[in-house]
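Residue-level structural notes
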Amino acid sequence: MDLHELIQSLKTDGGKIVMVVSDGIGGLPLQPGGPTELEAAKTPNLDALATKGVSGMSLPILPGITPGSGPGHLGLFGYDPLVFQIGRGILEAAGIAFPVGPNDVCLRCNFCTIDANGLITDRRAGRIPTEESAKVVELLKAIKIPGVEVFVEPVKEHRFVVVFRGEGLGGNVADTDPQVTGAKPLDPVAKDKESEKTAQVAKQFFEQALVILKDQPKANCLTMRGFAKKPALPSYQELYGLNAAAIAVYPMYKGLASLVGMELVGKPQTLQEEVDVLEQNWDKYDFFFLHFKYTDSRGEDGDFNAKVKMIEELDAVMPRIAALLGENDCLVVTGDHSTPAKMASHSFHPVPTMIVSNIARTDSCQKFGETEANNLGGLGHFQAMHLMPLAMAHANRLGKFGA
């Protein structure tokens, strides 16, 4: 019996679960002995919740392994990211409700800026605004590749989706983003024989795109990431017996939530609007996934102080969320991975996590932060894929195992 079979055999009715995911919330001090971004932020509301709950550090995948956003969220949702692997392209396509078919390979593309030598000077084209990016995406719809249908759709800011549709396409192609500035985009290289045609198609797409984009002031090039075909995943209803809702701004996270059977609720554009949607739909669902992106964005920008401000923005809405909780309900606050501003990237570091419930065995944590969660947290260190069983138990949704 695996974990999913065990949960299915024990699931029962109980309270509601709210999972607040502050993307990339984990951080590092800029100086030895200093505070992380979370510890430097003024978070009276999160700290008050920490005294009522139990904290710990979650490992998105395994010790020392740095996760992407897809695997990071899959773990939080209770799916082993080493077993259920979803490419970024599928997440982006699902997030904009693109009807992905069995012969489709999806990829998430970033506009970037290159200099006269073809070297990348900005991997995100200055985070070009969505309204500008969408106009450039329209130009790319002119690309034609013999024997393959090509779909190009805008997502948000510098991100867009490309879908190749045709026979004989595999989804195992290496990313073309070198992950650094001062380098040229990499060639799309097939990782297996079944994906060789896809790599050739991707190269043709890139070559045609370069001609179209050459006069753009910011988005004069692109990189490709997360080539993937649609996977088969058991749904939240099947696994947990939960009527689940997802509240998010960014399409990729909507996409992942929809792939595990969550219903996308509302069309919020700010954190305050996300909480509005939560309040408006409180009586309709058993589980809510609420995603906050900008802690990750500011960490990737390497801006410690800006990330601190985003954490404080999250803290400001926590009383509204906590006020919704009833006797049997459970609140989870965590992140899908760490994104220390010091590193300006995702990292392998465990993520501070807390569970608030009337049946939580409270620990000695007086603040929500890495140091206290690590040293005093009653949850200890645990794999993120075990967070959902913990949340289910704290919401009185798991029965007894065995006689």
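Residues numbered from 1 in each chain as written. Predicted model: local features only at pLDDT ≥ 70, side-chain atom pairs only at ≥ 80, totals over all residues. Heavy atoms only, no water.

1. Points about helix α3 (residues 44–52)
Side chains three or four residues apart in an α-helix point the same way, a direct result of the helix having 3.6 residues per turn. Residues of α3 that are buried: L46, D47, L49 and A50. All buried residues of α3 project into a common sector of 160° when viewed along the axis, lining one side. What points out from α3, more than 90 degrees from its buried face, is the exposed set P44 and K52. In the core, the buried residues of α3 are packed alongside α12 (304–322), β11 (330–334) and β12 (351–357). (Buried < 20%, exposed > 50% of the residue type's maximum accessible area, 1.4 Å probe, protein only. Helix = DSSP H or I, 4+ residues; strand = E, 2+ residues; numbered from the N terminus. Arc of directions from axis to C-beta. Contact = heavy atoms within 4.5 Å.)

2. Some thoughts on the pattern of salt bridges
Overall, the coordinates contain 20 salt bridges when judged by the stated rule. Put simply, E132 and K218 hold a salt bridge, and the shortest N to O gap is 3.8 Å. Within this pair, whereas E132 is found in helix α6 (residues 130–140), its partner K218 is found in the loop between α7 (196–213) and β7 (221–228), the two being separated by 86 residues in sequence. Overall, the relative accessible area of 36% leaves E132 in the partly exposed class. A residue is classified by how much of its surface remains accessible, and K218, at 35% relative accessible area, is partly exposed. Salt bridges sharing common partners tie together R124, R127, E157, R159, R298, E300 and D301. (Salt bridge = Lys/Arg side-chain N within 4 Å of Asp/Glu carboxyl O.)

3. A closer look at the environment of Y79
For Y79, the position within the fold is in the loop between α4 (69–76) and α5 (88–95). Residues in contact with Y79, not counting those within four places in the same chain, are H4, L74, F84, L233, P234, S235, Y236, L239, V260 and M385. Reaching out from Y79, the side chain makes a polar contact with the backbone oxygen of P234 at a distance of 2.6 Å. (Polar contact = N/O pair within 3.5 Å; in protein donor to acceptor, adjacent residues only side chain to side chain.)

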